[in-house]
Amino acid sequence: MNEEIIIEYEGITYSAEYSVSGDSLTVYLPDGTSRRTELRGLKPESAARTHLMSYIKLKV
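Described below are features of the structure shown in this document. Bear in mind the structure is a predicted one, so any value in this text is a computation, not a measurement. (Residues numbered from 1 in each chain as written. Predicted model: local features only at pLDDT ≥ 70, side-chain atom pairs only at ≥ 80, totals over all residues. Heavy atoms only, no water.)

**A word on the pattern of salt bridges**
The full count for this structure, using the stated rule, is two salt bridges. As a salt-bridge pair, lysine 59 and aspartate 31 come within 4.0 Å of each other at their nearest N and O atoms. Within this pair, whereas lysine 59 is found in helix H1 (residues 44-59), its partner aspartate 31 is found in the loop between strand E3 (24-28) and strand E4 (34-38), the two being separated by 28 residues in sequence. Judged by relative accessible area, which is 41%, aspartate 31 ranks as partly exposed. Of the charged contacts in the structure, one is a salt bridge between glutamate 45 and arginine 49, with a shortest N-O distance of 3.5 Å. (Salt bridge = Lys/Arg side-chain N within 4 Å of Asp/Glu carboxyl O. Helix = DSSP H or I, 4+ residues; strand = E, 2+ residues; numbered from the N terminus. Buried < 20%, exposed > 50% of the residue type's maximum accessible area, 1.4 Å probe, protein only.)

So, in structure tokens, the structure goes:
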């Protein structure tokens, strides 16, 4: 089951779904691409937020 992360940045709301399989996090970004991270103790929501924020800053 996928979870969702939502960030409001400069008045625009962005969201991305993410899933965890074992120790791997996959984040599905708004443009249809995905990013994968080994969690190694990180909280999934925190890691997903970092990926989405990085995506947002590259698009702005």
